[in-house]
Amino acid sequence: MRLLSSLSHLILFQLLCESLCSRCPHDCSCVPHNYIFCVQLKLVNMPRGLPSSTKHLYVFQNNINTLDQQDFVEFGELGMLDLSQNALSEIPDGVFSPLSTLNNLDLSSNRITHISKDSFTGLVNLERLYLHNNFIQSIHPAAFKGLENLLELKLQGNQIKVLPTLQLPRLLHLDLSYNSIPPLGPEDLQTPHLESLKLAGLGLSSLDKGLLRSLVNLHVLDVSQNKLVLIQPELKIMAGLRNLNLTGNPLGSLKREDFQNLNNMLELDLSSLNLQGFPEDFFNIFPKLEKLTVAENPFNCLCPLAWFPTWLKDARVELLRMEETRCHFPPVNSGNVLAKLEHKDFGCPTTTIELTSAETSSTTNKPTDPTTLSGTTDNIPPLPPSELPSEDTDSFHPEQYSAIPSSIPEEPEGELMCPNNICLNGGTCWFDSNGQISCLCPLSTSGLYCEIQNEARPPPHFRRVSIETIATVSPNIISSHHVTSTSISLDLHHYIETRPHIRGIRLTYRNLSGPDQRPLQLNVPASYPEYTLRGLQPNSTYSVCASPLGERDHVSVACMEARTAENPPSSHDPRFDKTEPSSSLIPIVVAVAVVMVAAIVATVVAIRRRRRSKAAVNVDLHETSHLELEGVKTSPENGSTHPKQPDIASCPSLAQNTLEYEAPLIQGQCSANNKLACVKPSFV
């Protein structure tokens, strides 16, 4: 009986001892399998009384500012130690030497300023060392010596200026991002098995060729937020690369040949590269691509990019940061998520076949859109003599101004301004008669916003016309017989006489001396053998060309140049003696007011009489003759044509301005000449 009693007491004592020895520290949380969490307890020192059998100890988010070797003497089985987000400023030498079984050490987000030679002495089995987001400025060259089993090293977000040579034979993952270290060479990283290298934010303008060649097992490369202006040629030989991050580099446009051999790519990040789009077959070089990030790029969601959403679905590629991948242009798509657009949202043109006498050609018809230009291919003005090709140049290209409207529209009511960079590839923005934005495109581009860059094509089969030909063929000559400071009177007799069946004449003129040299157009009836261009700039050289209205006879183009006279100084301005009393001006002001009132009354009476007579003529005619053209009406007596009497309006911004100043584009141009309807600047 005594033996049984002694045995029971012994068992009870052993159970009580085990219970006391394995109790959980105060305010800490203990989880089965020896996990202890002492988190957010405002501890300034390591907790005491922890079980010696602890294998995973988490003491992060406290105020621990110092460590002592006695803190870890009893942890012979500890495998994980997390001391992140504390206030440690240094790592005492040999403080971790009792932890020979430790595999993972997290010291991130502390205030550590340097790493000494013996900071990690004794950690012979350490596999992961996290030192990121500290204030580390220096690392002893032998600080990592003895860490033969280290697999992962994180040093990003410090102030490291000199990186010691890393001789880590088993290292697989290395992050050196956002430090001040100079460009690395192959001698700096003696890590033959490295699979992941992150060098973001180091200010690199290039990557060392030898370094890339030495990393034969590299799978992940992050060179984001650097200053790379081109893709290193050595990148092409890294066929094993599976994850590439190029975010935030000034690379410009991407080329297929730069990624030609990276056919094992699984994840690609091209965010913040100022990309407006991709070539349609760009992603075909990545047949295994699974994840793609192209966020924060100013995409032009026009027809050349219409394939992208469909490709994402068909290739089953996951678009990361989708909500941050939005359209920047055109305004109708601005702010829309790129991947959610449908093909019709990109405004693609439809292609039709047009048969001509010369050949069968494909023409592009733009869809109905309020921003489409009002001009057609019939409104093709010729080049002025100063720009016509000579005999030793290429053939004449009538498409040079294929987007110019047939008449210059008046600006809509209200003050309108073109958005910045709305017209691409050198196009010029303006507002049409409906107040909608349109773009005048150069020869090499087309589309609503000049977004399509046309491929080089052979010149059209038109007869070569040189300056000498136009200058010597007398029937085609147009000339000026009277030039003032704001007008040019044209003599079109010879031009009209040689073309008895011409419907009208298209006059194209532009100021070769002004800041805006874009051509302006207007249509003139064939019954106008003389025509006056009005509202021109003084002391400027103008190029004027005439071509048949509605015809493609480019051989019949005739051009001339004329220079307007200087605006003469006013010599009859009223002068007043400043010494006379101000009361002497009262009679003059009264007289001027009376004259103005009389002029206004006479004008109103004349307008009413004119409207009555015009209404009477319209009643007699009932309808207009089919011969009526712009500015011409058929006479009810004999069917002959007479020019309409245009409404004369002043153009004060030009005719009365004698000061020299720098004018904005389209400033002071009177769009209809004889009608003198002044066009305000479309933009400043």
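A quick note: this is a predicted structure, and the numbers were derived from the prediction, not measured.

Participant: Explain the overall build of the protein to me, using residue names and the numbers behind them.
Facilitator: Scanning the protein from terminus to terminus reveals seven helices and 35 strands. Counting only residues that meet the buried cut, the protein has 41% of its 684 residues in that class. Taking the intrachain contacts of the protein between residues at least 6 apart in sequence as the baseline, contacts between residues at least 24 apart amount to 51%. For the protein, the accessible area works out to roughly 37800 Å², and carbon and sulfur atoms hold 53% of it.

Participant: Outline the pattern of salt bridges, listing residues and values.
Facilitator: Per the counting criterion, the structure on display carries 11 salt bridges. For Glu 296, the salt bridge identified is with Arg 321, shortest N-O distance 3.1 Å. Remark: Arg 321 occurs in the loop between β19 (318–320) and β20 (327–329) and Glu 296 occurs in the loop between β17 (291–293) and β18 (299–300); sequence separation between them is 25 residues. The class of Glu 296 is partly exposed, set by a relative accessible area of 46%. The network of salt bridges with shared partners includes Glu 127, Arg 128, Glu 152 and Lys 154.

Participant: How would you explain the state of the cysteines if you had to name every residue and give the values?
Facilitator: Inspection of the entire model under this criterion finds five disulfides. Across the disulfide from Cys 24 sits Cys 30; the S-S distance is 2.0 Å. With the S-S dihedral at roughly 90°, the linkage between Cys 24 and Cys 30 falls on the right-handed side. By relative accessible area, Cys 24 is classed as partly exposed at 33%.

Participant: Any chance you could break down unusual backbone geometry for me, citing the residues and the numbers?
Facilitator: Residue Pro 330 follows Phe 329 across a cis peptide bond; omega there is -5°. By secondary structure assignment, the location of Pro 330 is in the loop between β20 and β21 (350–355). Its identity as a non-glycine residue notwithstanding, Gln 85 has a phi of 60°, on the positive side. In this fold, Gln 85 is placed in the loop between β4 (80–82) and β5 (104–106).

Participant: Quick one: what's the story with the sheet that holds strand β30 (residues 520–525), residue by residue and with numbers?
Facilitator: The strand order across the open sheet formed by four strands is β30-β29-β32-β33, and the pairing between neighbours is antiparallel. Strands at the two margins of the open sheet, each flanked by one partner only, are β30 and β33 (558–563). Adjacent strand axes in the sheet meet at a mean angle of 25°, parallel and antiparallel pairs treated alike. Pairing of strand β32 (residues 541–548) with β33 involves six bridges; the strand directions are antiparallel. When the bridges of β33 are listed, Ser 543 appears paired with Glu 561.

Participant: Go over the side chain of Ser 119, please, and point to the residues and values.
Facilitator: In this structure, Ser 119 sits in the loop between β6 (114–115) and β7 (128–130). With a relative accessible area of 1%, Ser 119 lands in the buried category. Separated by 2.8 Å, the side chains of Ser 119 and Ser 116 make a polar contact. Not counting residues within four places of it along the chain, the set of residues in contact with Ser 119 comprises Ile 91, Pro 92, Asp 93 and Phe 96.

Participant: I'd like a description of the confidence of the model for the protein, backed by residues and values.
Facilitator: For the protein, the mean per-residue pLDDT works out to 74, and 67% of the residues sit at or above 70. Under a pLDDT of 50 for its full length, residues 617–684 has, in the predicted model, 121 contacts with residues more than four places off or in other chains.

Participant: Before we move on, can you summarise a nonpolar patch on the surface with the specific residues and values?
Facilitator: A surface patch of nonpolar side chains, about 270 Å² in accessible area, is lined by Ile 588, Val 592 and Met 596. Here Ile 588 lies in helix α6 (residues 585–621).

Participant: Got a sec to walk through the nonpolar core? Specific residues and values, please.
Facilitator: Counting residues in hydrophobic clusters, the biggest one holds 100 residues, and the most contacted among them are Phe 96, Phe 120, Leu 270, Phe 278, Phe 283 and Phe 308. Put simply, the parts of the chain that give this core at least two residues each are α2 (209–214) and α3 (307–315). Looking at this core, the element that brings in the most residues is α3, giving four residues. Leave out the neighbours within four places in its chain, and Phe 120 touches Ile 91, Leu 105, Leu 107, Ile 115, Leu 129, Leu 131, Ala 143, Phe 144 and Leu 147. Listed in part, the 23 residues of the second largest apolar core include Leu 533, Ala 558, Met 560 and Ala 562.

Participant: Before we move on, can you summarise the packing of aromatic side chains with the specific residues and values?
Facilitator: Taken as a whole and assessed by the stated rule, the structure comprises 17 aromatic pairs. Ring centres of Phe 72 and Phe 96 lie 5.6 Å apart, and the angle between their planes is 50°; this geometry places the pair in the tilted category. Taken as a pair, Phe 72 in the loop between β3 (56–58) and β4 and Phe 96 in the loop between β4 and β5 lie far apart in primary sequence, 24 residues in all. An identical accessibility class is assigned to Phe 72 and Phe 96; each is buried. Between the aromatic rings of Phe 259 and Phe 286, the centroid separation amounts to 6.1 Å while the plane-to-plane angle is 75°, which identifies the pairing as edge-to-face. Linking Phe 259 in the loop between β15 (243–245) and β16 (267–269) with Phe 286 in the loop between β16 and β17, this pair joins segments that are 27 residues apart in sequence. The aromatic ring of Tyr 130 is capped on one face by Lys 154, whose charged end is 4.8 Å from the ring centroid.

Participant: Quick one: what's the story with the environment of Leu 492, residue by residue and with numbers?
Facilitator: Locating Leu 492 in the fold gives a position in the loop between β28 (488–491) and α5 (493–497). Separated by 38 residues in sequence, Leu 492 and Glu 530 place their C-alpha atoms 5.7 Å apart. Residue contacts for Leu 492: discarding those within four places in its chain leaves Ile 478, Ile 505, Tyr 528, Pro 529 and Tyr 531.

Participant: Explain a positive patch on the surface residue by residue, including any values.
Facilitator: Taken together, the side chains of Arg 608, Arg 609, Arg 611 and Arg 612 present a region of like positive charge at the surface. Structurally, the position occupied by Arg 611 is in helix α6.

Participant: Help me get a handle on the side chain of Ser 196, residues and values and all.
Facilitator: Topologically, Ser 196 is positioned in strand β13 (residues 196–198). Not counting the four nearest positions on each side in its chain, Ser 196 is found in contact with Leu 172, His 173, Leu 174, Leu 218 and Val 220.

Participant: Help me get a handle on the sheet that holds strand β27 (residues 479–483), residues and values and all.
Facilitator: Taken in spatial order, the three strands make up an open sheet running β27-β28-β31, and their pairing is antiparallel. Edge positions in the sheet fall to β27 and β31 (530–533), since each of these pairs with one other strand and no more. Taking each pair of neighbouring strands and ignoring which way they run, the sheet shows an average axis angle of 30°. Summarising the sheet, β28 and β31 pair through four bridges and their orientation is antiparallel. The residue bridging Ile 488 from the neighbouring strand is Leu 533, located in β31.

Participant: How would you sum up α3? Please name residues and give values.
Facilitator: Each full turn of the α-helix corresponds to 3.6 residues, which orients residues three or four apart in the same direction. By the burial criterion, the buried members of α3 are Trp 307, Phe 308, Pro 309, Trp 311 and Leu 312. Buried residues along α3 sit in contact with β17 and β19. Just beyond α3, the residue with positive phi is Arg 316, at close to 55°.

Participant: Quick one: what's the story with the pairing of β32, residue by residue and with numbers?
Facilitator: Across the eight residues that make up β32, a large majority, eight, are buried. Residues Thr 541, Ser 543, Cys 545 and Ser 547 line one face of β32 and the alternating positions Tyr 542, Val 544, Ala 546 and Pro 548 line the opposite face, and both faces are buried. Note: strand β29 (residues 504–511) against β32, seven bridges, orientation antiparallel. If you follow Arg 510 over to β32, its bridge partner there is Ser 543.

Rules used in this analysis
Residues numbered from 1 in each chain as written. Predicted model: local features only at pLDDT ≥ 70, side-chain atom pairs only at ≥ 80, totals over all residues. Heavy atoms only, no water. Helix = DSSP H or I, 4+ residues; strand = E, 2+ residues; numbered from the N terminus. Buried < 20%, exposed > 50% of the residue type's maximum accessible area, 1.4 Å probe, protein only. Contact = heavy atoms within 4.5 Å. Areas by Shrake-Rupley, 256 points an atom, 1.4 Å probe, with all protein chains shown as cover. Salt bridge = Lys/Arg side-chain N within 4 Å of Asp/Glu carboxyl O. Disulfide = S-S within 2.5 Å. Pairing = 2+ DSSP bridges. Axes fitted to C-alpha atoms, helices over the stretch in contact; angles between N-to-C directions. Polar contact = N/O pair within 3.5 Å; in protein donor to acceptor, adjacent residues only side chain to side chain. pLDDT = per-residue confidence, 0-100. Patch = residues over 30% accessible without salt bridge, like charges linked within 9 Å, V, L, I, M, F, W, Y side chains within 5 Å. Core = buried A, V, L, I, M, F, W, Y, C linked by side-chain atoms within 4.5 Å. Phe/Tyr/Trp six-rings, centres within 6.5 Å; stacked < 30°, edge-to-face > 60°. Lys NZ or Arg CZ within 6 Å of the ring centre and 35° of its normal. Lys, Arg positive; Asp, Glu negative; His and termini not counted. Charge placed at Lys NZ, Arg CZ, Asp CG, Glu CD.

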